[in-house]
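The chain contents come next:
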Amino acid sequence: MTNNQKQTTVIVGGGHAAGALLTTLLQKKYQHKVILVGEEPHPPYQRPPLSKNYLTGEVDQGSLYLKPSSIYENAGHQLRLGVRVVQIDRNNKIIRLSDQSTLKYDQLVLATGSRVRRLNAPGADLKGIHYLHDIADADNLRQQLVAGKRLVIVGGGYIGLEVAASANKSGVDVTVLEAADRLMQRVTGPEMSAFFYAKHTNAGVDVRLNTAVTGFEAGEQGCVTGVRLANGGIVPADIVLVSIGVLPETALAEAAGLPCDDGIVVDEFTRTADPAVLAIGDCTRHRNLLFEKMQRLESVANAVDQARTAAATLMGERVPYTSVPWFWSNQFNVRLQMVGLSQNHDQRVVRGDPSDEAFVVFYLRGSRLVAVDAVNLPMAFMVGKKLVYQGKDVDVEALKDPSTELKSLV
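Overview of the structure. (Residues numbered from 1 in each chain as written. Predicted model: local features only at pLDDT ≥ 70, side-chain atom pairs only at ≥ 80, totals over all residues. Heavy atoms only, no water.)

1. Considering the overall build of the chain
Phase 1: Along the chain, the regular secondary structure elements total nine helices and 25 strands.
Phase 2: Its C-alpha radius of gyration of 23 Å places the chain within 12% of the 22 Å reference for a compact globule of 410 residues.
Phase 3: Counting only C-alpha atoms and orienting by the principal axes, one finds that the chain spans roughly 65 × 65 × 35 Å.
Phase 4: Relative to its 410 residues, the chain shows a buried fraction of 51%.
Phase 5: Of the contacts formed within the chain by residues at least 6 apart in sequence, a portion of 61% connects residues at least 24 apart.
Phase 6: Accessible surface computed for the chain: about 18,200 Å², of which carbon and sulfur atoms make up 47%. (Helix = DSSP H or I, 4+ residues; strand = E, 2+ residues; numbered from the N terminus. Rg over C-alpha atoms; globule rule 2.2 N^0.38 Å. Buried < 20%, exposed > 50% of the residue type's maximum accessible area, 1.4 Å probe, protein only. Contact = heavy atoms within 4.5 Å. Areas by Shrake-Rupley, 256 points an atom, 1.4 Å probe, with all protein chains shown as cover.)

2. What about the side chain of Thr270?
Phase 1: Structurally, Thr270 can be placed in the loop between β18 (264-266) and β19 (277-279).
Phase 2: In this structure, Thr270 is in contact with Leu278, Ala279, Ile280, Gln306, Thr309, Ala310 and Thr313, ignoring residues within four places of it in sequence.

3. Thoughts on the pattern of salt bridges
Phase 1: One pass over the full model with this rule turns up 21 salt bridges.
Phase 2: In this structure, Glu397 and Lys400 form a salt bridge, with 3.7 Å as the shortest nitrogen-oxygen distance. On the criterion of helical spacing, the pair formed by Glu397 and Lys400 is a turn pair, its members being three residues apart in helix α9 (residues 396-400).
Phase 3: Salt bridges sharing partners connect three or more residues here, namely Arg186, Asp262, Arg285, Arg296 and Glu298. (Salt bridge = Lys/Arg side-chain N within 4 Å of Asp/Glu carboxyl O.)

4. Quick word on the pairing of strand β5 (residues 94-97)
Phase 1: Note: strand β4 (residues 85-89) against β5, four bridges, orientation antiparallel. Residue Asp89 lies in a different strand from β5, and its bridge partner there is Ile94.
Phase 2: In textbook terms, the turn of a hairpin is the stretch between consecutive antiparallel strands, and for β4 and β5 this stretch comprises four residues, one of which, Lys93, has a positive phi near 55°.
Phase 3: Sheet analysis places β5 next to strand β6 (residues 102-104), joined by three bridges and oriented antiparallel. Its bridge partner being in β6, Ile95 is matched across the sheet by Leu103. (Pairing = 2+ DSSP bridges.)

5. A few points about the sheet that holds strand β9 (residues 129-130)
Phase 1: The strand order across the open sheet built from five strands is β9-β16-β10-β11-β12, with neighbouring strands paired in parallel fashion. Both edges of this open sheet fall to β9 and β12 (206-208), since each of them pairs with a single strand only.
Phase 2: With three bridges connecting them, strand β11 (residues 173-177) and β12 associate as parallel partners. For Leu177, the partnering residue across the bridge sits in β12 and is Arg208.

6. Looking at the environment of Lys385
Phase 1: Structurally, Lys385 can be placed in helix α8 (residues 378-390).
Phase 2: Lys385 sits 57 residues away from Trp328 along the chain, and the two C-alpha atoms are 13 Å apart.

7. A short note on the packing of aromatic side chains
Phase 1: As enumerated under the stated definition, the model contains four aromatic pairs in all.
Phase 2: Between Phe195 and Phe359, the aromatic rings sit 5.2 Å apart at their centres with planes inclined by 65°, giving edge-to-face as the arrangement. Remark: Phe359 occurs in strand β24 (residues 358-365) and Phe195 occurs in helix α5 (residues 190-202); sequence separation between them is 164 residues.
Phase 3: A relative accessible area of 8% places Phe195 in the buried class. (Phe/Tyr/Trp six-rings, centres within 6.5 Å; stacked < 30°, edge-to-face > 60°.)

8. A closer look at the sheet that holds β4
Phase 1: The antiparallel open sheet is built from three strands, whose spatial order is β4-β5-β6. At either end of the open sheet lies a strand with only one pairing partner, and these are β4 and β6. Within the sheet, the average angular offset between the axes of one strand and its neighbour, ignoring direction, is 20°. (Axes fitted to C-alpha atoms, helices over the stretch in contact; angles between N-to-C directions.)

9. A word on the environment of Asp401
Phase 1: Note on placement: Asp401 falls in the segment after α9.
Phase 2: Each C-alpha atom, one on Asp401 and one on Lys93, is 59 Å from the other, the two residues being 308 residues apart in sequence.
Phase 3: At 2.7 Å, the side chain of Asp401 and the side chain of Ser403 are in polar contact. (Polar contact = N/O pair within 3.5 Å; in protein donor to acceptor, adjacent residues only side chain to side chain.)

10. Re the packing of helix α1 (residues 16-27) against helix α7 (residues 300-314)
Phase 1: Direction vectors running N to C along α1 and α7 enclose 40°, while the axes themselves pass 8 Å from each other. Comparing their axes, α7 and α1 come out oblique. For α1 against α7, the interelement crossing comes out right-handed. Along its contact with α1, which presents His16, Ala17, Ala20, Leu21, Thr24 and Leu25, the element α7 presents Val300, Ala303, Val304, Ala307, Arg308, Ala310, Ala311 and Leu314.
Phase 2: Taken together, the residues of the contact of α1 with α7 sort by class into 11 nonpolar, two polar and one charged. (Parallel < 35°, antiparallel > 145°, perpendicular 65-115°, else oblique. Left-handed = near helix turned anticlockwise from the far one by under 90°. Nonpolar A, V, L, I, M, F, W, Y, C, P; charged D, E, K, R; others polar.)

11. Some points on the nonpolar core
Phase 1: Counting residues in hydrophobic clusters, the biggest one holds 41 residues, and the most contacted among them are Leu151 and Val174.
Phase 2: The element best represented in this core is helix α4 (residues 158-169), accounting for four residues.
Phase 3: Those residues in contact with Leu151 that sit more than four places away from it in its chain are Leu145, Val163, Ala167, Val172, Asp173, Val174, Thr175, Ile239, Val240 and Leu241. (Core = buried A, V, L, I, M, F, W, Y, C linked by side-chain atoms within 4.5 Å.)

This is the structure in structure tokens:
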């Protein structure tokens, strides 16, 4: 193909990664034609508000969109919404869509995201049992969250706890059932788990740990009336939210013969094994030059940072992905900001008093800082982000000493 002929780049997906890529390509004045194919009827949008201020009705649907559709279209890009990609033919560089049409591509970017992990238990298909992943899910759930109703949330991770806080604020009677012995066990340490347990219970949320769910009770017309527990008990419910994590959406890539391992495998330039196919966001297991192991991350920050790397790759630039993972969660009046990966730490340092609702937990491996969790302390988060990125040893005694200025450690 000669240089003056426009190539076609197709982006599959309509979430934050897809939207960030399209936006970055606009900013970089990408000269080729871009077509975004999204299964939902909405232009790319942000999902975090779905469990928070969108669920409570404080913001409207339009505010979720990364940009209005007209911005993309005015730049000559095309949105194909409400249609699903059913097959990728890599040999002929063609994708087939659910409306029987086909698209040819020169470059393909998979931003297929994730899907909710479903609970396989008796009664799991009853009316009134919800999952929260997209705008339609949030709209359906919001209609049910009326003051005085009984909401049971299965799962004590970020999303479950954010919904618990939002529903509690709306006057809903909330119970959280968590199978593990502490909240958010997969992503944070015991001090942070204990803080959020106290925060929720003090607000009137009934939080039950070490509580496994075995099924659901049915009432009239196939509606859920209760959640059955492994200990034989039943928790009455008008509404149930199952929030037990997500799985990477890799089916398209797998069927196309691309290597997948709990995510579509990509290198530090977001390239798959096929040079014509990139992948970004929740659906990828990627190489980050800061870490020894391949990672799969479920976060807006990762989606945006991988989108920037993919945009550079599409523009012919070599800009490897070297971002430090970071995450956040808003619950009640608390903003939790997290940076790094804390799973393999061997020492924790707590600064500040959790009862003041402003404290930070530093996670170390030896004398190297690997992660930071900060509650209502944005400065500690920012300093932590720099220290984790630098990967240097830190003075642990200075970290412990509240009189030491955190900035002095950078």
